[in-house]
Amino acid sequence: MASYGISYLLLEDDSLRLGLFTLGCSPGGSMSNFWTLLFNGDVNLSVTMTFISTIAALAMMPLWIFTLGASLFRDREATIPYINLAGSLVLLTFPVGIGLLIRQYSPKLSKISRKIIKPFTLICVFVGIVVGLYANSFVFKLFTWQVVLAGISIAWGGYCFGALMAWLFRLDKAQIMAVSIETAFQNPAVAFVMLILSLPQPEADLSSVPVIAQLMLTGLPMWALLILTRVYNKMKVCCEEEQQIEKPEIETIQKAYLALETNPPDDSETLSLEGPGNRVTIVRFSDS
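Residues numbered from 1 in each chain as written. Predicted model: local features only at pLDDT ≥ 70, side-chain atom pairs only at ≥ 80, totals over all residues. Heavy atoms only, no water.

- The protein has the name Solute carrier family 10 member 6 in an unreviewed UniProt entry, where Trichonephila clavata is given as its organism.
- In the Subcellular location (unreviewed entry) part of its UniProt record, the protein is described as follows: "Membrane".
- Heading Sequence similarities (unreviewed entry) of the UniProt record for the protein holds this comment: "Belongs to the bile acid:sodium symporter (BASS) (TC 2.A.28) family." (UniProt positions renumbered as here; feature names shortened; annotations may be inferred.)

If you want it as structure tokens, here you go:
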């Protein structure tokens, strides 16, 4: 409904409106799972939401297209990409099944997988965006401020709405992150296939302009946010380490003097206390 309203508010061409509305009707995509992992969100919840939304799309996507979307398609015949939706389910559940088998029968490989999964995911996301931008570079010439504003409104509206609803339902931070990202990201392949099957050329290419705009404005800012988050966390860890080094040394010395006052050692007895920083050793002689 947000895609439909914003398309009528900002876009004048019916093909552009149709493209934005079609993407809004699409289920969640695997890219949301990748970003949820990179931002330390609840990946299990993200994958579950993608799975449920893809199954629901088998019924909900035709419902939206043939009711609210009828005013956009008009005399055109909409073709729902059921095969593509089923393929999305297979591509989502098959790797999950492999992961469960590895975790069950190969703990050693499972530990290795946990170490490499984030760098591997980062590479996959980067390559996917670069390839997508290169393959659709011709579309950038058709961008207008209305198209860009529509993409920003849908993408970041999804982030904010998902986060707000998750917060209202008292989910924890990792789950709020997952719901927010999952709400903002749709499956572009479903939208592209439907537009190509339903519209003649060049109308199909024109309708893909707001789809690409929304995907760009959903994913590209996440890179900047990810970099800023990693830099902030690194600086925070460094500051905490410095504080942990300075504070225990002072505490250790204080404990040493307190121990001497309460329980003076005998002649030539050595009192030794160790802390996270340097070791403090106090030796007392009979004439000291």
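## Re the nonpolar core
Alright, step 1. Within the largest apolar cluster, 20 residues are counted, with the highest numbers of intra-cluster contacts made by Leu18, Phe21, Met61, Ile65, Phe73 and Met194.
Alright, step 2. Mapped by element, the contributors of at least two residues to this core are α2 (14-25), α4 (43-66), α5 (70-73), α10 (188-198) and α11 (203-262).
Alright, step 3. In this structure, Ile6, Leu11, Ala150 and Val209 belong to the second largest nonpolar core, which totals 13 residues. (Core = buried A, V, L, I, M, F, W, Y, C linked by side-chain atoms within 4.5 Å. Buried < 20%, exposed > 50% of the residue type's maximum accessible area, 1.4 Å probe, protein only. Helix = DSSP H or I, 4+ residues; strand = E, 2+ residues; numbered from the N terminus.)

## Some details on α2
Alright, step 1. If you check α2, its first and last C-alpha atoms are 16 Å apart, about what 12 residues at 1.5 Å a residue would give, namely 16 Å.
Alright, step 2. α2 sits mainly inside the fold: 11 of its 12 residues count as buried.
Alright, step 3. The set of residues buried in α2 consists of Asp14, Ser15, Leu16, Arg17, Leu18, Gly19, Leu20, Phe21, Thr22, Leu23 and Cys25.
Alright, step 4. Where α2 begins, the side chain of Asp13 points an oxygen toward the backbone nitrogen of Ser15, at a separation of 2.7 Å. (Expected span 1.5 Å × (residues − 1). Polar contact = N/O pair within 3.5 Å; in protein donor to acceptor, adjacent residues only side chain to side chain.)

## With respect to the packing of aromatic side chains
Alright, step 1. Scanning all chains against the criterion turns up six aromatic pairs.
Alright, step 2. With a centroid separation of 6.1 Å and an interplanar angle of 40°, the aromatic rings of Trp35 and Phe39 are classed as tilted.
Alright, step 3. Here Phe39 falls in the buried class, since its relative accessible area comes to 10%.
Alright, step 4. The interplanar angle of 50° and the centroid separation of 4.6 Å between the aromatic rings of Trp156 and Tyr159 together place this pair among those described as tilted. Of this pair, Trp156 and Tyr159 are both found in helix α8 (residues 145-168), three residues apart, which corresponds to roughly one turn of the helix.
Alright, step 5. The class for Trp156 is partly exposed, based on a relative accessible area of 30%.
Alright, step 6. Aromatic rings pair up to connect Tyr4, Tyr8 and Phe21 into one cluster. (Phe/Tyr/Trp six-rings, centres within 6.5 Å; stacked < 30°, edge-to-face > 60°.)

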